Number of protein chains: 2
Amino acid sequence: MAAIRASQSPKINRKAATIPHASAGPTVDVRCVLFTVADGKLLVALDQREGTASLPRSLPVANEPLDATARRTIRESTGLQEQYLEQLYTLSFRDSDGWSVIVSYVGLIYAGPETDALARSIWFDTHSLPKLSGADEKVIEYALLRLRAKLGYTNIAFHLLPRAFTLTELQNAYESILGRRLDKRNFRRRAIASGILQSTNQQRREGSHRPAALYRFRAEHDPADYLTPAWADEA
Amino acid sequence: MAAIRASQSPKINRKAATIPHASAGPTVDVRCVLFTVADGKLLVALDQREGTASLPRSLPVANEPLDATARRTIRESTGLQEQYLEQLYTLSFRDSDGWSVIVSYVGLIYAGPETDALARSIWFDTHSLPKLSGADEKVIEYALLRLRAKLGYTNIAFHLLPRAFTLTELQNAYESILGRRLDKRNFRRRAIASGILQSTNQQRREGSHRPAALYRFRAEHDPADYLTPAWADEA
DNA sequence: GCAAAAGTGTTGTGTATACACCCATGG
DNA sequence: CCATGGGTGTATACACAACACTTTTGC
């Protein structure tokens with residue numbers, strides 16, 4: 001607990017602050033970890049320009065809010081519109097391209113058969129990822145950690161499903177992310193109790209077994225985005 | 001669920017990506033919300049250069065990790081060494097100085113009588129803050145929200161106390177942050193049960209009443225930093 | 001002996017977990 | 001009629017909230 005008031009010099013700070021642009025500050029680059037679930041696998045979207053794979057990324061254009069950059073990145077790189085987006089973490093990184101500040105986002109999306117067909121090549125199983133840069137690897141790893149943790153106290157997994165879904169599909173999404181099986185009765189009880197399920201009166205019949213009831217997600221009761229500040233990103 | 005594959009043009013993206021430096025990207029600036037507790041009040045540290053108050057801030061110097069920038073900012077602005085530091089949120093902001101990306105951090109510290117004396121002027125009660133920029137106001141508001149939420153599932157408030165403390169002091173810290181009174185017996189039971197209290201065998205006698213047992217915080221059992229990625233910030 | 005803060009247990013209520021069988025359908 | 005996944009209830013353990021009095025000290 002020794003005194004710390006040593007290097008009190010705000011020289012660099014002040015100087016740079018007066019000429020904010022064109023200084024040797026870091027480049028800001030936005031990267032998105034976009035997840036989807038298919039066949040009981042948790043998949044992540046990667047770009048594969050020039051052989052090596054990498055997270056979808058881009059630089060913010062002038063005065064573009066970071067959230068908008070993230071959404072644009074996802075659109076440009078996958079052609080899809082994410083259903084949920086949350087800022088993950090910001091880190092600085094030094095590599096061959098110079099000095100970057102990476103603002104990372106996590107997105108969730110349902111990639112059904114249609115979209116799957118046109119964009120299949122970009123999806124990679126999180127359990128067998130291709131070679132990635134160190135930064136991308138860490139960002140993905142952390143995104144997974146946070147996504148799993150968040151399943152415990154939010155209903156975020158709804159965003160991985162189509163508008164109408166069965167409880168079994170919902171449970172499969174949870175199990176894919178968590179990597180373990182859940183008890184059917186307990187899962188259904190909690191899902192119903194959470195109050196964010198709206199029971200449509202439709203059913204889905206497929207295969208030689210009892211048809212499943214279809215539900216919708218009541219977005220207005222979703223407490224999932226409480227981690228994102230209300231103002232989010234304005235300019 | 002209409003098809004979204006509209007603006008597939010990664011023009012801007014690609015172009016900017018090839019000349020990352022010297023472009024008109026945003027300035028990156030790190031701001032710290034440093035909290036302390038005194039007299040049952042939750043206080044935040046503000047700089048008051050040139051009349052208007054603002055959060056302590058600075059620009060990262062070349063290749064400096066963001067966490068290091070945050071720690072340096074706190075040292076330079078308060079002369080103190082924070083006891084806990086966590087990244088809060090990153091937002092972009094447009095103001096008179098141009099286009100900035102603000103990486104915000106929350107720090108916790110114990111500001112005892114000694115430190116209080118030399119730095120008293122910088123501390124402001126969170127319930128009566130001076131006029132601040134819109135960005136700073138929002139960052140503080142969000143920091144408070146997150147700090148309160150975090151008290152529910154972590155033991156983060158220990159970082160607001162001196163090395164040895166009484167359970168009553170700990171409870172006061174919680175109450176100052178939450179803004180409501182807690183039940184003494186329940187509070188103590190949970191604090192003990194959490195396993196991060198190490199009972200020193202010392203007591204503190206002050207005033208005409210029974211002396212209080214002193215405890216220490218077992219940092220190695222602190223699950224508080226699980227929100228921060230293991231790699232945190234390397235370059 | 002009294003004022004002032006420290007310290008201490010029990011009970012009810014709600015929430016999470018473990019666990020096994022019948023139902024509706026297609027072929 | 002059988003294979004397949006859909007759907008249902010109960011008992012137990014644990015976590016949390018409400019609640020009041022005794023203890024030790026300084027003066």
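None of the values given here were measured: they were computed from a predicted structure.

With that out of the way, let us pick up the overall build of chain A. When its secondary structure is counted, chain A shows 6 helices and 9 strands. A fraction of 63% describes how many contacts in chain A between residues 6 or more apart in sequence connect residues 24 or more apart. For chain A, the accessible surface area stands at approximately 11,600 Å², while carbon and sulfur atoms represent 51% of it.

Moving on: the protein's contact with DNA strand D. In the vicinity of DNA strand D there are 21 residues, among which Lys184(A), Arg188(A), His209(A), Ala213(A) and Ser208(B) approach most closely. Contact distances for DNA strand D include 2.8 Å between a base oxygen and a backbone N or O atom of Ser208(A). Contact distances for DNA strand D include 2.7 Å between a phosphate oxygen and a backbone N or O atom of Ala213(A). Those elements that place two or more of their residues in the surface near DNA strand D are helix H6 (184-193) and strand E9 (212-217) of chain A together with helix H6 (184-193) of chain B.

This part is about the environment of Asp183(A). For Asp183(A), the location among the structural elements is in the loop between helix H5 (167-178) and H6. A polar atom in the side chain of Asp183(A) sits 3.1 Å from the backbone nitrogen of Arg185(A).

Take a positive patch on the surface next. Residues Arg180(A), Lys184(A), Arg185(A), Arg188(A), Arg189(A) and Arg190(A) make up a contiguous surface patch of positive charge. Mapped onto the elements of the fold, Lys184(A) is located in helix H6.

Another aspect to go through is the protein's contact with DNA strand C. As a structural note, the neighbourhood of DNA strand C is formed by 21 residues, with Ser208(A), Thr168(B), Lys184(B), Arg188(B) and Ala213(B) the closest of them. Backbone atoms, meaning sugar and phosphate, form 41% of the atoms of DNA strand C found within 4 Å of the protein. Here a base oxygen of DNA strand C and a backbone polar atom of His209(A) are 3.1 Å apart. At a separation of 2.5 Å, a phosphate oxygen of DNA strand C approaches a polar side-chain atom of Arg188(B). Broken down by secondary-structure element, the contributors of at least two residues to the surface near DNA strand C are H6 of chain A together with H6 and strand E9 (212-217) of chain B. A per-class count over the surface near DNA strand C returns 4 nonpolar, 7 polar and 10 charged.

Quick look at the environment of Leu170(A) now. Residue and element names in this part refer to chain A. Here leucine 170 shows up in helix H5. Separated by 13 residues in the primary sequence, leucine 170 and alanine 157 have C-alpha atoms spaced 7.4 Å apart. Non-local contacts of leucine 170, meaning those with residues more than four positions away in its chain, are made with Phe158, Leu161, Phe165, Phe187 and Ala191.

All right, on to H6(A) then. For H6(A), the capping residue at the N-terminal end is Asp183(A), with a side-chain oxygen 3.1 Å from the backbone nitrogen of Arg185(A). Two residues or fewer after H6(A) comes Gly195(A), characterised by a positive phi angle close to 80°.

Residues and elements named next belong to chain B. With respect to the helices and strands, glutamate 82 occurs in the loop between helix H2 (66-78) and strand E4 (84-95). The charged side chain of glutamate 82 is buried without a salt bridge, its nearest counter-charge being arginine 71 at 4.7 Å. Not counting residues within four places of it along the chain, the set of residues in contact with glutamate 82 comprises Leu34, Arg71, Ile74, Leu108 and Ile109.

A few words now on the side chain of Asp136(B). All names here are of chain B. By the secondary structure assignment, aspartate 136 is in helix H4 (residues 134-153). You can call aspartate 136 buried: its relative accessible area is 0%. Look past the residues within four positions of aspartate 136 in its chain and what remains in contact with it is Arg31, Ser54, Leu55 and Arg57.

Calculation notes
Residues numbered from 1 in each chain as written. Chains lettered and ligands numbered in written order. Predicted model: local features only at pLDDT ≥ 70, side-chain atom pairs only at ≥ 80, totals over all residues. Heavy atoms only, no water. Helix = DSSP H or I, 4+ residues; strand = E, 2+ residues; numbered from the N terminus. Contact = heavy atoms within 4.5 Å. Areas by Shrake-Rupley, 256 points an atom, 1.4 Å probe, with all protein chains shown as cover. Near = heavy atom within 4 Å. Polar contact = N/O pair within 3.5 Å; in protein donor to acceptor, adjacent residues only side chain to side chain. Patch = residues over 30% accessible without salt bridge, like charges linked within 9 Å, V, L, I, M, F, W, Y side chains within 5 Å. Salt bridge = Lys/Arg side-chain N within 4 Å of Asp/Glu carboxyl O. Lys, Arg positive; Asp, Glu negative; His and termini not counted. Charge placed at Lys NZ, Arg CZ, Asp CG, Glu CD. Nonpolar A, V, L, I, M, F, W, Y, C, P; charged D, E, K, R; others polar. Buried < 20%, exposed > 50% of the residue type's maximum accessible area, 1.4 Å probe, protein only.

Honestly, it's all geometry; don't read function into it.
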